[in-house]
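Each chain, letter by letter, is given below.
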Amino acid sequence: MIFPSKTITLKNGKSAILRTASPENAAEMLSYIQTASGETDFLSRYPEEWTLTVEQEAGWLNALASSPYTLAITCFVDGKVAGNCEISFKRGIKEGHRASVAIAILQAYWGLGIGSAMFEELIFAAKEHGTEIIELEYIQGNDRAKRLYEKYGFKTVAEKPGVIKLKNGTYLSEFYMQKYL
Ligand SMILES: CC(C)(COP(=O)(O)OP(=O)(O)OC[C@H]1O[C@@H](n2cnc3c(N)ncnc32)[C@H](O)[C@@H]1OP(=O)(O)O)[C@@H](O)C(=O)NCCC(=O)NCCS
């Protein structure tokens, strides 16, 4: 699915554009996710674990845009990638009422309202799709993300202890949240 371009105003007064990234953005998208993964322990991989080539990333962006089950929205500030989010709609009779979301914004752009703007679009898309439950997971200690999710009505319903292990040997829980539409 493709999200057509939409201009939003950030808390600092700057304009930003939300749109689905195209294969031409592949190199920048790779660099964005590697940077974001190094800025926090709360994403699922370390930067060096993002090993796709630019061509593979372009193919991935193409596949996402043409899939009816995924909507990815990237935020561009001054023409540069500031963050990205995705909603994946599950398929099938037993699971088709659910969708999962993921989000990561570069640290330089935290607290400007990008996460909130993205969540409004993701929730709208889920309603349009007929989704009944939106779900997500966050890692223990990620209070900023938890605050964002609670603001949009997500509730923690389960804890999975020890599922994340950092390089320094620290084990962290993952919390599973749901929002009923
Ligand atoms: C978590 C994340 C997506 C939030 O996005 P964001 O653009 O910074 O969020 P917003 O600016 O829209 O703020 C959303 C809410 O977070 C809360 N928040 C803002 N600053 C905060 C802070 N310093 N500490 C705790 N909560 C904070 C507020 O409740 C805010 O809502 P409000 O402004 O209406 O009060 C972003 O910080 C991020 O990508 N972090 C790194 C990757 C990550 O953790 N991804 C999520 C994995 S589960």
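About the cut-offs
- Residues numbered from 1 in each chain as written.
- Predicted model: local features only at pLDDT ≥ 70, side-chain atom pairs only at ≥ 80, totals over all residues.
- Near = placed C-beta within 6 Å.
- Helix = DSSP H or I, 4+ residues; strand = E, 2+ residues; numbered from the N terminus.
- Nonpolar A, V, L, I, M, F, W, Y, C, P; charged D, E, K, R; others polar.
- Pairing = 2+ DSSP bridges.

It is worth spelling out the site of the ligand at this point. For the ligand, the set of nearby residues contains 21 residues, the closest of which are Ile 105, Gly 115, Ser 116, Ala 145 and Arg 147. Contributions of two or more residues to the shell around the ligand are made by β5 (98-105), α3 (114-129) and α4 (143-151). Ranked by residue count, the leading element in the shell around the ligand is α4, at 6 residues. In terms of residue class, the shell around the ligand is made up of 11 nonpolar, 6 polar and 4 charged.

Turning next to the pairing of strand β3 (residues 70-77). Where strand β2 (residues 15-19) meets β3, 3 bridges bridge the pair, whose relative direction is antiparallel. Across the sheet, Ile 17 pairs through a bridge with Phe 76, a residue of β3. Bridge analysis of β3 against strand β4 (residues 80-89) gives 8 bridges, and the strand direction is antiparallel. Paired with Ile 73 across the bridge in β4 is Cys 85. Joining the antiparallel neighbours β3 and β4 is a turn of 2 residues, in which Asp 78 adopts a positive phi near 50 degrees.

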